[in-house]
Amino acid sequence: MKRVFQEKLFFAIFSIMVSALLYALISSNGFILGNDPAVHLTKAIEIYTGARITPSEVAWYPPLYRILLATFISFANAPFLEHAVFLMKLLTVFFDWLLVSAVYLLGRRLHGPECGIMASALLLLCFPFYEINFWGGYSSLLSIILLCILFFYLPSKNTNLQRAVLIFILAFSMILTHQFTTFIATIIIGLYFLISIVAFKASIKKSLVTAILGGSVAFLIWYLPVILPHINILFHHTFISQTQYLYLVWRVTYDVFYLNFGFVLFLSFAGLVSAFLICRRNNETAFYVLLLLGFIAPLLLTQSYKVGLMLPYDRFVYYMMPCASVLASSVICLFLRFAVFYVNMVGVTLKSCLTVLPTIFLVCLLLASRFPALPDKISEATGYYSYLDASGYMASQWLLKSFPQESAVVTTEKPGIFFGLMSKKHPFMETNPLVERSALAETVLNLAFELEHPLTLYRVFEVPMPYELDQYNILIHNVWKRVVFLYPEDTRVSYVVDGVQRLKLLSDLSKRIFWEKHDAKRVLCIQYAVDENFYLTQMVEMFNGSLPVKVTWVPACSDERFKEFSVLLSLRFDPNFVFNVTYVPGLFHWENPIGKALPFMIEGRNWTTYNFSPADLPKDPFVFRDPVNGVYCALMFDHIPHLASIGILSTGQVDAFRFNYSSKITLGVAFSYRLLTFSEESFRELLREFPPQNFENFFSMETETQFYYRDYLTLIKTSKIKFVIFERGKFRDALLNSGLLHLIYSTDNYVVCKVKVAFLVEGSEKV
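Please read these numbers as outputs of a predicted model, since none were measured by experiment. (Residues numbered from 1 in each chain as written. Predicted model: local features only at pLDDT ≥ 70, side-chain atom pairs only at ≥ 80, totals over all residues. Heavy atoms only, no water.)

A.B. asks: I tried to follow the packing of aromatic side chains on my own but got confused; where do I start?
C.D. replies: Tallying each qualifying case throughout the model produces 60 aromatic pairs. A ring pair is formed by Phe129 and Tyr130, whose centres lie 5.5 Å apart and whose planes are at 70°; its orientation type is edge-to-face. Both residues of the pair, Phe129 and Tyr130, belong to the buried class. Geometry around Phe287 places Arg109 over its ring, the cationic atom sitting 5.1 Å from the centre. The ring of Tyr384 carries Lys414 above its face, with NZ or CZ at 5.7 Å from the centroid. (Phe/Tyr/Trp six-rings, centres within 6.5 Å; stacked < 30°, edge-to-face > 60°. Buried < 20%, exposed > 50% of the residue type's maximum accessible area, 1.4 Å probe, protein only. Lys NZ or Arg CZ within 6 Å of the ring centre and 35° of its normal.)

A.B. asks: Honestly, the packing of helix H3 (residues 64-76) against helix H4 (residues 81-111) in this entry has me stumped. Any pointers?
C.D. replies: The description of two packed helices rests on the angle between their axes and on the distance between the axes. Running from amino to carboxyl end, H3 crosses H4 at an angle of 125°, the nearest separation of the two axes being 10 Å. When the interaxial angle is binned, H3 and H4 end up oblique. In the packing of H3 onto H4, the handedness of the crossing is right-handed. Of the residues in H4, those in contact with Tyr65, Leu68, Leu69, Phe72, Ile73 and Ala76 of H3 are Ala84, Leu87, Met88, Leu90, Leu91, Thr92 and Phe95. Considering only residue class, the contact of H3 with H4 consists of twelve nonpolar, one polar and no charged. (Axes fitted to C-alpha atoms, helices over the stretch in contact; angles between N-to-C directions. Helix = DSSP H or I, 4+ residues; strand = E, 2+ residues; numbered from the N terminus. Parallel < 35°, antiparallel > 145°, perpendicular 65-115°, else oblique. Left-handed = near helix turned anticlockwise from the far one by under 90°. Contact = heavy atoms within 4.5 Å. Nonpolar A, V, L, I, M, F, W, Y, C, P; charged D, E, K, R; others polar.)

A.B. asks: Would you take a moment to explain helix H14 (residues 263-281) for this structure?
C.D. replies: An α-helix turns once per 3.6 residues; consequently, residues spaced three or four apart project the same way. Along its 19 residues, H14 runs 26 Å from first to last C-alpha, staying within 8% of the 27 Å computed at 1.5 Å per residue. Of all the bends in H14, the largest measures some 40° and sits at Ala270. Inspection of H14 places Phe263, Val264, Leu265, Leu267, Ser268, Gly271, Leu272, Ser274, Ala275, Ile278 and Cys279 among the buried residues, and these make up the whole buried set. Remark: Asn283 follows H14 within two positions and exhibits a positive phi of approximately 60°. (Expected span 1.5 Å × (residues − 1). Bend = angle between axes of the 7 residues up to and from the residue.)

A.B. asks: Before we go on, may I ask you to explain the environment of Arg109 in this structure?
C.D. replies: By the element assignment, Arg109 lies in helix H4. On a C-alpha basis, the gap between Arg109 and Val326 in space is 10.0 Å, while along the polypeptide they are 217 residues apart. In this view, Arg109 contacts Phe152, Tyr153, Pro155, Ser156, Glu284 and Phe287; residues no more than four positions away in its chain are not counted. A distance of 2.3 Å separates a polar side-chain atom of Arg109 from the backbone oxygen of Phe152. (Polar contact = N/O pair within 3.5 Å; in protein donor to acceptor, adjacent residues only side chain to side chain.)

A.B. asks: Before we go on, may I ask you to explain the nonpolar core in this structure?
C.D. replies: Taken as a class, soluble globular proteins show a tendency for nonpolar side chains to be buried jointly. Judged by nonpolar contacts, the single largest core of 133 residues is most densely connected at Leu41, Tyr192 and Phe418. Counting residues per element, this core draws most heavily on H4, which supplies 15 residues. Those residues within four positions of Phe418 in sequence are excluded, and the remaining contacts are Ile32, Gly34, Asn35, Pro37, Ala38, Leu41, Val85, Met88 and Leu388. (Core = buried A, V, L, I, M, F, W, Y, C linked by side-chain atoms within 4.5 Å.)

A.B. asks: When you look at the sheet that holds strand E9 (residues 510-518) in this model, what are you seeing that I'm missing?
C.D. replies: Backbone hydrogen bonds are what pair the strands of a sheet, in a parallel or an antiparallel way. Ordered by their spatial adjacency, nine strands build an open sheet running E9-E10-E11-E12-E21-E18-E17-E14-E15, and the pairing between neighbours is antiparallel. Edge positions in the open sheet fall to E9 and strand E15 (588-591), since each of these has one partner strand only. Strand-to-strand twist across the sheet, computed as the mean angle between neighbouring axes with direction ignored, equals 20°. Of the strand pairs in this sheet, E9 and strand E10 (residues 521-531) are connected by nine bridges, and their pairing is antiparallel. Each bridged residue has a counterpart across the sheet, and for Ile513 the counterpart in E10 is Ile526. (Pairing = 2+ DSSP bridges.)

A.B. asks: Hey, could you run me through a nonpolar patch on the surface in this one?
C.D. replies: Judged by side-chain polarity, Leu191, Phe193, Leu194, Ile197, Val198, Val209 and Ile212 come together as a nonpolar surface patch covering roughly 610 Å² of accessible area. Those elements that place two or more of their residues in the nonpolar patch are helix H9 (179-199) and helix H10 (202-222). Mapping Leu194 onto the fold places it in helix H9. Note on Leu194: relative accessible area 54%, which makes it exposed. (Patch = residues over 30% accessible without salt bridge, like charges linked within 9 Å, V, L, I, M, F, W, Y side chains within 5 Å. Areas by Shrake-Rupley, 256 points an atom, 1.4 Å probe, with all protein chains shown as cover. Salt bridge = Lys/Arg side-chain N within 4 Å of Asp/Glu carboxyl O.)

A.B. asks: When you look at the pairing of E15 in this model, what are you seeing that I'm missing?
C.D. replies: Looking along a regular strand, one sees the side chains alternate between the two faces of the sheet. Where strand E14 (residues 581-584) lies against E15, three bridges are found, and the strand directions are antiparallel. Each bridged residue has a counterpart across the sheet, and for Thr582 the counterpart in E15 is Glu591. Hairpin connection from E14 to E15: three residues lie between these consecutive antiparallel strands, with Gly586 at a positive phi of about 85°.

Purely geometric stuff here, so don't read any function into it on its own.
Quick look at the structure:
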């Protein structure tokens, strides 16, 4: 009786310490860590105020956590958002305590209360336990708790009515908590079902059937109506097309696993043996199978990229964490119990104590090995996941008091959605493109104009980015990456006026960007004011059913003193790509161009050029290939330039393609070329049909592609955006020179700008 009381007292003190620790950590920025809590809170408030699940909530994301949060807010009658945030933190800490308790129950069932306490302690040494709290994965946290409790009750030998109802509710609730848990639980329970048919007793099968029934009912209610309309693309979309997950592979490498788990991971593998011996002795083989599947299945899925499955690999780490802690605790408990058993057998003597001392010292050393790595990792993460801090809160409250009217705001990833909540403005947030690109937020924050089709994204900025005038992007694993850009330090225009030649860099010229309508389609125009009476306009076009981007340079002059001009264009390749293979019919046949340029290398210089005279320039495309990343960039001239050259580094990497147009300034003169950029990944089917040897076909072939256009002015008007909020590190003072934004509030961390009304009235389009 005394032992039971001591166990309860210890666990009570342990629970209080854990709850206090987690509350302090998730509140370390003064409010709450993460951006996902703002999403949860927004949806919970919609449920609370509308007393129903809103249509936007009916999607893959199940609503159980948000319903619980809305109920908690309603029960506490929280009048302000600050109170709701406080209640959300309390609910989160309660979930953390439940997870610690669930792991304790699993360990206790495996090898007694000591194993349960040790499993709970090891859970606190795993960084993913803190990280899931920091980024706000509360739905995932709740679903993991339900899965752990289901593991505890599922291998029951006696399934009475009360236990059957509990198992049904657990399975039903788990499926309605998180879609990712539904996926992993289906795999684990499915494998457990196959094993139980052969190996386990009928009573265990009854509890399993009850769990399957509960999960199936929830699946039919929530998922099936969403899945049925998309059943034809479900498998491809879920497991193959989401190639952006490949950017997460680094998070499931050995080094990161070791950093996240330390010795717990190694002991969990040893625990597979020790737990089996313990469970076989206690006739708990069914329970061992669940522990085994709960650890191995998520671990294997973290490595599923090796077999071509596209899944969020790092998410599986959270699901293997509870079972890993339990399995590792079984090994430590076996050593400690052996030490205690030895002392009891021999007696408490100096010799016996010295004999077991190395075992105790080894256990203490293992526990200490997580320091200082774990605290350092936690400290780093609390800063990384801090979205709305005291500075951001003050800015949001200032905006609310100064401009209480309803409007929309665009924010950088920090302060994110929380800023919109606190300022009572509708937020559009910049997101990590690895998750999902927010084209609206990116376009507005960068003051950009964009043309996009499935292979290429062309962007130009009202306020130029450093070292680029525009950029062409391609899809690499579903994420747009810059591949080539117009380099300002080499791109220049020269002209003759009154017999005097003048030269100017395009980056030094004032410019105006606008849309023109040509034959019921839009053309993006970037007009450079070369002189008071001389303008040079770059016209960029995309066409439905066509792959290349057409670029036309048109001079316009109303002064007869301007006689002739030339423009040197320097297309630079992004240094993150390795363009070292070139194809030009009759000149280069998929080879490295440095071989033919070597005679012109200058000693001591790490670059050279391969030059073309007008007579040497073919009408066929110039193709540059990066075989490492599977990327192509091709250029085909509609008007042959007067000079051209390929810039090559000493490593053989092509870094630039330069060409020059010269002409007298007359009515109707223009120069154009077509640029085609793509990755093999986004163009795979067409590459099979048309091999690269016939590359010129790509410039004339008809496809089903459609292009889209967007610009920051139109988006600001249509979305009624009145304010733009920048994280200080992402703000450039040059943005204020655009005349669109007016700085109204600034802190060390954030900059708040107001959109000038005059720009919203003027519009962005020239017809």
